[in-house]
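Coordinate analysis (summary)
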Amino acid sequence: MAMSVDELITMSKNVGLAALDGCPADTYKKMTALIEQIIAIAPSMKDGFIHGLNEVIKNLLEAQKVDDLNKIYDFVTYEMVYLLNNYRK
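Residues numbered from 1 in each chain as written. Predicted model: local features only at pLDDT ≥ 70, side-chain atom pairs only at ≥ 80, totals over all residues. Heavy atoms only, no water.

**What to know about the overall build of the chain**
Rules: Secondary structure elements are taken from DSSP: a helix is a run of H or I of four residues or more, a strand is a run of E of two residues or more, and numbering for both begins at the N terminus. Using C-alpha atoms as the atom set, the radius of gyration is obtained and then compared with a globule rule of 2.2 Å times the number of residues to the power 0.38. Buried means the residue's accessible area, taken with a 1.4 Å probe over protein chains only, is under 20% of the maximum for its type, while exposed means over 50%, and partly exposed covers the values in between. Any two residues having at least one pair of non-hydrogen atoms within 4.5 Å are treated as being in contact. The convention is simple: Lys and Arg are positive, Asp and Glu are negative, and His and the chain ends are not counted. A charged residue contributes its charge at one atom only: NZ of Lys, CZ of Arg, CG of Asp or CD of Glu.
Scanning the chain for helices and strands turns up four helices and zero strands. Listing the helices and strands of the chain from first to last along the sequence gives α-α-α-α. The globule rule puts the C-alpha radius of gyration for 89 residues at 12 Å, and the 12 Å found for the chain is close to it. For the chain, the spread of C-alpha atoms along the three principal axes comes to 35 × 20 × 20 Å. Counting only residues that meet the buried cut, the chain has 38% of its 89 residues in that class. Residue pairs at least 24 apart in sequence account for 71% of intrachain contacts in the chain once pairs closer than 6 positions are excluded. Side-chain charges in the chain split into 9 positive and 12 negative, and the spacing between the mean points of these groups amounts to 4 Å.

**A short note on helix H4 (residues 69–86)**
So the rule is basically this: A helix is expected to span 1.5 Å for every residue after the first.
In this model H4 runs 25 Å from its N-terminal to its C-terminal C-alpha over 18 residues, within 8% of the 26 Å that 1.5 Å per residue would give. For H4, the set of buried residues is Leu69, Ile72, Phe75, Val76, Thr77, Met80, Val81, Leu83 and Leu84.

**Brief notes about the environment of valine 76**
Among the structural elements, valine 76 can be located in helix H4. Put simply, valine 76 and alanine 19 are 57 residues apart on the chain and 9.5 Å apart in space, counted from C-alpha to C-alpha. In this view, valine 76 contacts Ser12, Val15, Gly16, Leu34, Leu60 and Val81; residues no more than four positions away in its chain are not counted.

Now the structure itself:
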């Protein structure tokens, strides 16, 4: 069952906390689960969500390539939360 937007926002903030803790493995595991859940709700979001989501995911993967946990923190706690809040129906 798909999670609610509020649950995904909480999950996104938890990914950010994992990034702040400095553990790449835990961060990437939680980030993967978050992305899977967000993709599951994407069809129920407003127009434009998919484009914004693609940009955030692209940036997250680029940050992951260089183990930049600070960028991951920024993208999941600010950009992803913004997308979820502003594109919910």
